[in-house]
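Single-letter residue listing:
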Amino acid sequence: MVRTVYARLRARFGHAGWWPGRTAFEVCAGAILVQNTAWPNAEKALSSLRRSGRLSYRGLRDLSPAQIAPLIRSAGTFNVKARRLAAFVWFLGAEYRGRVSAMATESVEALRRKLLTVNGIGPETADCIVLYAARLP
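Residues numbered from 1 in each chain as written. Predicted model: local features only at pLDDT ≥ 70, side-chain atom pairs only at ≥ 80, totals over all residues. Heavy atoms only, no water.

K.L.:
Go over the overall build of the protein, please, and point to the residues and values.
P.N.:
If you tally the helices and strands in the protein, you get eight helices and zero strands. Of the regular secondary structure in the protein, the N- to C-terminal order runs α-α-α-α-α-α-α-α. The C-alpha atoms of the protein give a radius of gyration of 15 Å, which matches the 14 Å a tight globule of 137 residues would have. Structurally, the protein occupies a C-alpha span of about 45 × 30 × 25 Å along its principal axes. When each of the 137 residues of the protein is scored for burial, the buried share is 42%. Within the protein, residue pairs in contact and separated by at least 24 positions form 55% of the contacts whose partners lie at least 6 positions apart. (Helix = DSSP H or I, 4+ residues; strand = E, 2+ residues; numbered from the N terminus. Rg over C-alpha atoms; globule rule 2.2 N^0.38 Å. Buried < 20%, exposed > 50% of the residue type's maximum accessible area, 1.4 Å probe, protein only. Contact = heavy atoms within 4.5 Å.)

Listed below in structure tokens is the structure:
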């Protein structure tokens, strides 16, 4: 029932685009960076990553958490979030060859279950990634 309503609404109105982000990867990074902070602080961290050319899987995959941390300082608890972002980047490479779009080939349940195994990704962050980055219902 709910999926039918969702499908009808999405067919009629399109994707709502509620979560800000220029790319699907940016949506994932934003979902991690906004944890326990206000969106403007996460947005500053995203801007810093963008300016440095690191706001992508390729841009972050070879960086250690210690190298990521100064770039996301404005997000608060930047050392913790750097480890979480690095864990997500590793996961994305290991499971989906670095492509967020490949996550959409999973069932919602399977993708959510996999995301919940990543250090620092809890239910709310996983749901945001599933819905807004992978664009699954």
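K.L.:
Tell me about unusual backbone geometry, and please be specific about residues and values.
P.N.:
Peptide bonds are mostly trans, and most non-glycine residues show a negative phi. Of note, the phi angle at threonine 77 is positive, near 35°, even though the residue is not glycine. Turning to its location among the elements, threonine 77 is positioned in the loop between helix H5 (65–68) and helix H6 (78–96). Under the relative-accessibility criterion, threonine 77 is labelled exposed at 53%.

K.L.:
Could you give an account of the side chain of glutamate 26, naming the residues involved and the relevant values?
P.N.:
Relative to the helices and strands, glutamate 26 is located in helix H2 (residues 24–33). Separated by 3.4 Å, the side chain of glutamate 26 and the backbone nitrogen of arginine 22 make a polar contact. Once residues within four sequence positions are removed from consideration, glutamate 26 is found in contact with Gly21, Leu46, Arg50 and Leu55. (Polar contact = N/O pair within 3.5 Å; in protein donor to acceptor, adjacent residues only side chain to side chain.)

K.L.:
So, the pattern of salt bridges: which residues are in play, and what are the values?
P.N.:
What the rule picks out here adds up to five salt bridges. Glutamate 26 is the partner of arginine 50 in a salt bridge, and the nearest nitrogen-oxygen pair spans 2.6 Å. Of the two residues, arginine 50 is situated in helix H3 (residues 39–51) and glutamate 26 in helix H2; the sequence distance between them amounts to 24 residues. Of the residues examined, glutamate 26 reaches a relative accessible area of 7% and is grouped as buried. The residue arginine 112 makes a salt bridge to aspartate 127 at a minimum N-O spacing of 2.4 Å. Of this pair, arginine 112 sits in helix H7 (residues 108–115) while aspartate 127 sits in helix H8 (residues 123–133); the two residues are 15 residues apart in sequence, bridging distant segments of the chain. A relative accessible area of 36% means that aspartate 127 is categorised as partly exposed. Each of Glu95, Glu106 and Lys114 takes part in a single network of salt bridges with overlapping partners. (Salt bridge = Lys/Arg side-chain N within 4 Å of Asp/Glu carboxyl O.)

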